[in-house]
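Here is what each chain is made of, one letter per residue.
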Amino acid sequence: MGKDSAAGEAIADRPDQATPDVNEMIKGANEEMAAAPTATLSDALERLMQGVKAADPRPLQVKPTFWARFTGAHLQQRLEYVRSREALPGLAAEAADACERVRHLKGVLQEAIVQAELERQRQMDLVEEGRRETASVPSEERDRHLRRLANLDTYIISLGLTVEQMRLAISNSDHLIARFEEARGTLLPLFDHHTFAVVAGAAQGSTNSTRH
């Protein structure tokens, strides 16, 4: 009986032996999330899209009206285009930097999930073992033993909910990273191709009109 009682007390005491490594990892993930890298990337992508729109050369190909020439509006429009065009590399670099921070956050979350799942299973095994040993715990210790197991159940549930939240954060990160990769790998090159075609077409048209 003495051996069983000792075992029961040991199980009851184990919930106090929380996993500082896992909890520290979750705390670190919280700090990474608090820095809001996903919001930073989302804002950077929005500015990049606006920059691409502002650097569209097509309006410059429209013959300016008399009033635009008189007021110099067409020159201001060209100046704004040049500024927008020159700003694009900086906007793309800002988005790239923000994307790297989101990638780092994703890595932190993935590692935290792995360790949290391992710890969650370990704690579930402890609860199961503790329930099996409940009958052998002295009656004067049983309430304490059951409270510890109930607390551990709550911890396990909380850990599971945290893991689900981290998975949602990873999903959001993946979405933003995909948007950035699409902009860098497809949108910006297409914009460059389009710009070249518009400008080259205008230059060709100007050459033809000069020949005539």
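Residues numbered from 1 in each chain as written. Predicted model: local features only at pLDDT ≥ 70, side-chain atom pairs only at ≥ 80, totals over all residues. Heavy atoms only, no water.

**Q** I keep staring at the overall build of the protein and nothing clicks. Help me out?
**A** Looking only at helices and strands, the protein features six helices and zero strands. Mapped from its N terminus to its C terminus, the protein presents α and β elements in the order α-α-α-α-α-α. Split into buried and exposed, the 212 residues of the protein put 31% on the buried side. When contacts within the protein are restricted to residue pairs at least 6 apart in sequence, those whose partners lie at least 24 apart make up 89%. Accessible surface computed for the protein: about 13100 Å², of which carbon and sulfur atoms make up 55%. (Helix = DSSP H or I, 4+ residues; strand = E, 2+ residues; numbered from the N terminus. Buried < 20%, exposed > 50% of the residue type's maximum accessible area, 1.4 Å probe, protein only. Contact = heavy atoms within 4.5 Å. Areas by Shrake-Rupley, 256 points an atom, 1.4 Å probe, with all protein chains shown as cover.)

**Q** Would you take a moment to explain the pattern of salt bridges for this structure?
**A** Here the idea is simple: oppositely charged side chains can pair when their charged atoms come close. One pass over the full model with this rule turns up twelve salt bridges. Its salt-bridge partner being arginine 167, residue glutamate 164 comes within 3.0 Å of it at the nearest N-O pair. Remark: arginine 167 and glutamate 164 occur in helix 6 (residues 139–211); sequence separation between them is three residues, near one turn of the helix. Overall, the relative accessible area of 38% leaves arginine 167 in the partly exposed class. Sharing partners across several salt bridges, the network here consists of Glu100, Arg103, Glu181 and Arg184. (Salt bridge = Lys/Arg side-chain N within 4 Å of Asp/Glu carboxyl O.)

**Q** It is not clear to me how unusual backbone geometry should be interpreted in this structure. Could you clarify?
**A** Of all residues except glycine, most have a negative phi; of all peptide bonds, most are trans. Located in the positive-phi region is alanine 36, a residue other than glycine, with phi close to 55 degrees. Accessibility expressed as a relative area gives 27% for alanine 36, which makes it partly exposed.

**Q** So what exactly am I meant to see when it comes to the nonpolar core here?
**A** Generally speaking, nonpolar side chains in soluble globular proteins are found buried as a group. Counting residues in each nonpolar core, the largest one holds 18 residues, and the members touching the most others are Leu41, Leu48 and Leu88. Looking at this core, the elements with two or more residues in it are helix 3 (37–54), helix 5 (73–133) and helix 6. If sequence neighbours within four positions are ignored, leucine 48 has contacts with Leu88, Leu91, Ala92, Ala95, Ala183 and Leu188. Ile26, Leu109, Ile113 and Ala116 belong to the second largest nonpolar core, which has 13 residues in total. (Core = buried A, V, L, I, M, F, W, Y, C linked by side-chain atoms within 4.5 Å.)

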